[in-house]
Structures are given as C-alpha cells and as structure tokens.
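Fold and contact review
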Amino acid sequence: MAGLAAAENGIPGTPDDHYTKPRTVRTISLHRPSHYVNEDPSGILFNRHFNKGTAFSIDEREHLHLTGLLPGKTESIELQVRRCYRQFRNFQSPMAKYIYLSSLRERSDTLFYNLVLQNLKETLPIIYTPTVGQACLEFGLNYRAAEGMYFDRDLRGRIREALDNWKPNMLDEVSIIVVTDGSRILGLGDLGTCGMGIPIGKLSLYVAAAGFHPATTLPVVIDTGTNNEALLKDDFYLGCRHERLANEEYYPLVDEFLMACVNKWPNVLIQFEDFSNDHAFDLLEKYRHKILCFNDDIQGTGAVIAAGFLNAMKLCKLPIASHRIVFLGAGAAGIGVADQICALLKLKHDIPVEQARKMFYMVDSKGLITATRGDNLASFKKPYARHDITDSVKDLLDVVKKVLPTGIIGLSGQANAFNDEIIDQMCQITERPIIFPLSNPTKNSECTAEQAFRISQSKCIFASGSPFPPVTVGETVFHPSQGNNMYIFPGLGFGAWLCRSKEVSDGMIAVAAASLADQVSQDELDRGQIYPPLENIRDISAKIATAVIEQAFAEGHARIQRPKDILTTVQKNMYQPSYLDYQPAVSLDGRIRLGSADVRDMHSPIDEAEINTQGNHHLGRQRLAGGA
Ligand SMILES: NC(=O)C1=CN([C@@H]2O[C@H](COP(=O)(O)OP(=O)(O)OC[C@H]3O[C@@H](n4cnc5c(N)ncnc54)[C@H](OP(=O)(O)O)[C@@H]3O)[C@@H](O)[C@H]2O)C=CC1
Ligand SMILES: CC(=O)C(=O)O
Ligand SMILES: [Mg+2]
C-alpha cells in the first residue's frame, strides 16, 4: 500500500514531469491500482484490464485489499488458461462457446487473449466468422452487458458530448474505432444494431493479431434504423424502430460522428465495416484523405485477395495476361478486390491498371456487367463494364461458358452459386482453376471446399472467406486456405496508427498486400497454400505493419520520427497479454521505465504522447495526465 502510494506520488515522474522528461513514462498501471485501493478496493476484480483473479499473489491481495475475496491458492496464468480451455471445450455449440468467450473477455482480457492466441484455430471461428454471424443474428436475444457505443439521430448535436462518456477504464484514450451502420453484415444483409457483433469481433482481432491495447479499442454502431422487417417486429431488437434514414439525415449523422471522434481523439484510426455499398464508397471517398480511416470490406478485402490471387497465379503457371477472372458480386468487396489486384499487378509487375482491368468480368444480380446493358450502372461498377461483349448474359454458367475464365471469385453472399456444374466447367477450361468462394459466413459461401477439391480432383486453387475443415481426396489431405481480410486489417491498421499516418493511402494498402503475398514460402505454395499459416498472425501483422510504415514515410504521411529499426519498434509496441505486476513501487519502477524512446510524435498535441516502446500494458498517456 505504502509502496503503491509512493509510486503514485512521484517516481518515476508525475504528469508534469512527463512533459519535461519524455523518456520516463507513467502508465495506467501506476494509477489504477491505487485508485482501487483508495476508492473501491474490490473493484479491480471486476475490471477486465486489471483483473488477475486467482493469479493475484498474496502480497498483491494485501496491497490491493483483496484478502479474503479469493480462494487461498495463487495460480499461474498457465493454469488459469488451461482451466478456461477446458471450460471452452465443454460447451457444445459454437454459440455457447461464443457466449463463454465474451464473458471471459468481460472478466479478464489478459486471460481471454492468452486463450485466443494459444488456440487460434479453435477460437477464431468462434469470435469471428462464421459464429460471429450467428451472434449478430441473435444479438438482441443474447444481449448481456453494455459494450461499445451507439449513436442515433436523437443524439444529433450531442455526439461529441456523448463520447466523453466513454471511460470504461477511466482512461480517456482510444486508438482504434471499428464502426458499422449494420446495413450489410457479412452476407446476412441488414441487421441494424445487431451488427455490433462485427466491430466487437474485428477489434478482438486487432488486439490478438496486431497488438492494439484492448483498453483503447472502441466498437461503434451508428444506428441509422433498419429495413429488416423481422427485426422491427422483434421484441428483443435493441435498435431504433424506424426504417433506414434517408441520405439527408444519414450523412449528417455519420459526419458528426466522425468529426466528434477526431476532435476527441486526434490520433484515432477509424475502420468502416459492413456499410452497404450505397454509402460505403461515398464515405470512403469523402474521408480517405481527410482522416486516418479505411474501409475494410473494400480495401482490406481487396489487399488480402490480391495477395492470394498473386500467389494463385504462380501456381497456375499461366502468363499473367492470359488470365480471365469472373467475379460473382460487384459490390464493395468485389470492386475492392478487382481494384487491389490491379494495384498489386502494377506494383509487382508494372502492368498498367487499364490493361489489368481487362482481365475481369463482373457479374452482379442482373448478370454480366457490360457497357451496353442499359441500366443505370453505379459509378463504382463503370470502370469494369465490358465494352467487348454486347449480348446480355445473366446466368453464371452461361458467363463461364462464354468467357472461359481461369478463375472465379465469389463476393455475392449467394450460397451454392458455384454449383457442381460450374466447377466442372472450370476444370474443362483450365488445368488449375482458381476458385475463391469468399462470401461469409459459411452458410453463404458460394461453394464448399469439399465440393471444389472433389470435383476438380484436387487441381483447384482454393480460398474461402470462412474456414473449411481439411478435405481428403484419395490419400491426400488438403488444408483449404482462408481468404479473409483478417490477414491484412490488423497489420495495416496498426502500422498506420503507430506511425501516426495522416491517412491510409493506396500505396500503403498495396505494400500491405505485397508483404502478405511475399510471406508465403515456396514450400507452402507447393502444398497449394496461398496464405501464410494463421498461427503466425502476429509475425505476419508485424511485417505488414512494417511495410506500411516504410511506405507512410516514403509518401510523407508518417508523423513520428523515423525509428532506426521499424520492425523492432512495431514488435515492441505490440500488446502482450500478460498480467501487470502490482508490487510496490520499486518493482514497478523497474518494469515500466522506457528503454529507448525511438518512436516519438513530432507535433503537438501528440508530441507529448509516448508511443510505448515496451508494448505490453502501457498506453499513450497524454489524456491520463489531463493534457491536451
Ligand atoms: N472474405 C472476406 O474477407 C470478405 C468477404 N465478404 C463477403 O462478400 C459478400 C459481399 O459483400 P459486399 O461486396 O460488401 O456486399 P455488396 O452488397 O456490396 O455486394 C454484393 C454483390 O453481390 C451481387 N449479388 C447479389 N445477389 C446476386 C445474385 N443472385 N447473383 C449475382 N450477384 C448477386 C450484388 O449485385 P447488385 O450490385 O446488382 O446488387 C452486388 O454486386 C458478403 O457475403 C461478405 O461476407 C466481404 C468482405 C470481406
Ligand atoms: C470478412 C468481412 O469483413 C465480411 O465478410 O464482411
Ligand atoms: Mg466486413
């Protein structure tokens, strides 16, 4: 107790001191335990960022006034994780597992992220696609605890004020926001406020895969209504009960939200997620050069699939110019992917964008997109309208027969659209067809991995949006690749945020894609893998973040001093889920001192902030100090 008080009172560095001696850093770990000691002794047991549960040592229990509140045995985190894993395994259904993991995250993010990172293969399909889709569908029914923030038209004019309520940790700092309006959740359509599961899930990946600190993440739903009749009639639906706002009300609400966020947290990265394409492209265009933001469905997906496609082309062994690719789905993701493939071919092979575009044949709900189709084409589709085909082709099989593609990419949300006949047709056209059914969740996938490998006699080069189990054909077991934006957005976002980039530029996205593509070894390629193993996601993200930061410097967007070794700096700044040590000041002092402040912001007000170079539990702290 005395030790904690001493730490609180001055060593090493009071808030004032911080500004004059920027290389000493104070962290929340010094502030918060004493807060609990002084004001709410047992509160630390209920704070997800600080709770250690049975891992509190006897000394800590004394210091923190927890004596008697826990069973006598002090446990290691390893044992705690083993128990959690057993509990996790005991739940039978994916939804029960999802609810269990959500409650674990509410109890202790350290335990949650240890469990997730040690068991990625089992936990990712629960916290992310496909189970997160079901969690969204059941969001109202399963709602348990407040998480994230909601903004609706009744808050117009007061959003900035409402943001001040976001102090889940008494820490007034947010580094990353994932925001949706719930209008296109995975391939499940308009789920209104139930879409909150997606920002929560994506942010869990930002922490697990890239190392954002969980206490600085904020999931948001802008509740602009829903046109989902079933939800509007559902007693448990938690959103506003009105149809979706017309643009006159919609845009001012979203604009106010974005401006309020940037005003409150000038360094924040904002990721747009699952906005329907009538707003997604416009919002991105309006804000991409003004604030640090990107749209994951358009740009993140684009980069991931471009990387996988580049590797798939290596396996096909066809000249690049001979590829013809049919897209089923010409929405946010379809167009985003086509754009990023063009960008990557330019970067890696110097192929002009206009030439690369000619590879693509886009099919939407009305059929093949041609310049003469006669409908009012959305502006984002126009660059891909075919000028060389004038007849109307509606059916996908007919498109395949006409175009004779070397690959088909599904981003339509239409389950089973790649039926046996279509896959068979692809196999007659080319030796190794590229088959990417990328729609999520699993039940919306355009085909299954089993179908694709069976019908193509394992010749296809396959990637799906949601994970499929291994497929055995004859004696051989194939491990289907997962082409999901989760490979890119954590590293892209972390790199952009860490170097305090002014924007997420096209160049930064292209190098992120190139970095991902380059991380697949020849051995993995030979086994048909077009993405690196997901188990290495932290290393993958660190390398992507490094490439992104290099590019941000090259383009003049970065606003920190250039670190000597960018990869090391990235790695040092990644949150590691380990417990804080709540010992008296002497040991705290040793643990928190900043080794070398090689990442420093160069302008006010950020220039007062430490970007921590020890990673782990330390947060940017200018707000803590009551600063700017
Ligand atoms: N693997 C991954 O990482 C990602 C996967 N996705 C998945 O991609 C899917 C689409 O997402 P997104 O692009 O944002 O959605 P959009 O609504 O923007 O686009 C959907 C597209 O599919 C077309 N479409 C709908 N029904 C049919 C049909 N019956 N036949 C042919 N085309 C059809 C639409 O046509 P029209 O334009 O005429 O309406 C539209 O072009 C979702 O399932 C989503 O989960 C998305 C992002 C990332
Ligand atoms: C993965 C993703 O972002 C989507 O399906 O929308
Ligand atoms: Mg999405």
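Residues numbered from 1 in each chain as written. Chains lettered and ligands numbered in written order. Predicted model: local features only at pLDDT ≥ 70, side-chain atom pairs only at ≥ 80, totals over all residues. Heavy atoms only, no water.

**Describing the pairing of strand E10 (residues 434-437)**
Our working definition: Using a 1.4 Å probe on the protein chains alone, a residue whose accessible area is under 20% of its type maximum counts as buried, one over 50% counts as exposed, and one in between counts as partly exposed. The helix and strand labels rest on DSSP assignments: H or I over at least four residues marks a helix, E over at least two residues marks a strand, and numbering proceeds from the N terminus. A pair of strands is labelled paired if DSSP reports no fewer than 2 bridges between them. Clockwise travel from the first strand over the helix to the second, with the strands pointing away from the viewer, marks a crossover as right-handed.
Neither face of E10 is exposed, since Ile-434 and Phe-436 on one face and Ile-435 and Pro-437 on the opposite face are all buried. Pairing geometry for strand E9 (residues 407-410) and E10, over 4 bridges, is parallel. Residue pairing for E10: Ile-409 is matched across the bridge by Phe-436. Each parallel crossover has a hand, and for E9 linked through helix H20 (residues 420-429) to E10 it is right-handed. Of the pairings in the sheet, the one linking E10 to strand E11 (residues 461-464) comprises 2 bridges and is parallel in character. Opposite Ile-434, over in E11, you have Ile-461 as the bridge partner. Note that the unit made of E10, helix H21 (residues 449-455) and E11 has a crossover that is right-handed.

**Comments concerning the UniProt feature "active site" (unreviewed entry) in the protein**
Let me state the cut-off plainly: UniProt positions are given in the numbering used here, feature names are shortened, and annotations may be inferred rather than shown by experiment. Note on contacts: a residue pair qualifies if any of its non-hydrogen atoms lie within 4.5 Å across the two residues.
UniProt marks Tyr-128 and Lys-202 with the feature "active site" (unreviewed entry), using the numbering shown here. Taken together, the annotated residues stretch across 75 residues yet fold into one region, lying no more than 7.3 Å apart by C-alpha. Its place among the elements puts Tyr-128 in the loop between helix H8 (120-127) and helix H9 (131-137). Look at Tyr-128 and you get buried, because its relative accessible area is 5%. Contact partners of Tyr-128, with chain neighbours within four places excluded, come to Lys-202, Leu-205, Asn-484, Asn-485, Met-486 and Phe-489. Note on placement: Lys-202 falls in helix H12 (residues 197-210). In contact with Lys-202, other than residues within four places in its own chain, are Tyr-128, Val-178, Gln-271, Glu-273, Asp-296, Asn-485 and Phe-489.

**A word on the UniProt feature "domain: Malic enzyme NAD-binding" (unreviewed entry) in the protein**
As recorded in UniProt, the sites labelled "domain: Malic enzyme NAD-binding" (unreviewed entry) are residues 298-553. The span residues 298-553 is 44% helical and 12% strand by assignment, and the distance between its end C-alpha atoms comes to 24 Å.

**Topic: the pattern of salt bridges**
Our working rule: Here, a salt bridge means any side-chain nitrogen of Lys or Arg that lies within 4 Å of a carboxyl oxygen of Asp or Glu.
Evaluated as defined, the whole model comprises 33 salt bridges. Arg-48 is paired through a salt bridge with Glu-147; the nearest N and O atoms lie 3.6 Å apart. Here Arg-48, found in the loop between helix H3 (28-39) and helix H4 (58-63), pairs with Glu-147, found in the loop between helix H10 (139-142) and strand E1 (149-152); they are 99 residues apart in sequence, far enough to count as distant. You can call Arg-48 partly exposed: its relative accessible area is 22%. Accessibility expressed as a relative area gives 15% for Glu-147, which makes it buried. Between Asp-391 and Lys-402 there is a salt bridge; the shortest N-O distance is 3.3 Å.

**Considering the sheet that holds strand E4 (residues 269-272)**
Short version of the rule: Axis lines are fitted to C-alpha atoms, over the contacting stretch for helices. Their N-to-C directions set the angle, which ranges from 0 to 180 degrees.
Ordered in space as E1-E3-E2-E4-E5, the 5 strands form an open sheet in which the pairing is parallel. The sheet terminates laterally at E1 and strand E5 (293-295), the two strands that pair on one side only. For this sheet the average axis-to-axis angle between neighbouring strands, irrespective of direction, equals 20°. With 4 bridges joining them, strand E2 (residues 176-180) and E4 adopt parallel strand pairing. Each residue of the ladder has a partner; that of Ile-177, found in E4, is Ile-270. In the packing of helix H16 (residues 296-316) onto the sheet, the strands contacted are E4 and E5, and the crossing angle to E5 comes to about 75°.

**Remarks on the packing of helix H7 (residues 109-118) against H8**
Look at H7 against H8: their axes get within 6 Å of each other, and the N-to-C directions meet at 115°. For the pair H7 and H8, the contacting residues are Phe-112, Leu-115, Val-116, Leu-117 and Gln-118 in the first and Leu-120, Thr-123 and Ile-127 in the second.

**Quick word on the packing of aromatic side chains**
Heads up, the condition is: In this scheme Phe, Tyr and Trp rings, the latter by its six-membered ring, pair at centre separations within 6.5 Å, and the angle between planes marks the pair as stacked below 30 degrees, edge-to-face above 60, and tilted otherwise. Only Lys NZ and Arg CZ are tested; either one counts as a charge over a ring when it is within 6 Å of the ring centre and within 35 degrees of the ring normal.
Under the criterion given, the structure shown has 20 aromatic pairs. Seen from their ring centres, Tyr-250 and Tyr-251 are 5.3 Å apart, and the 85° between their planes marks the pair as edge-to-face. With a relative accessible area of 18%, Tyr-251 lands in the buried category. An aromatic cluster is present here, built from Tyr-206, Phe-212, Phe-489, Phe-494 and Trp-497 joined pairwise through their rings. Over the aromatic face of Trp-497 sits the side chain of Arg-500, whose NZ or CZ is 4.7 Å from the ring centroid. Taking the ring centre of Phe-553 as reference, the NZ or CZ of Arg-562 above it sits at 5.1 Å.

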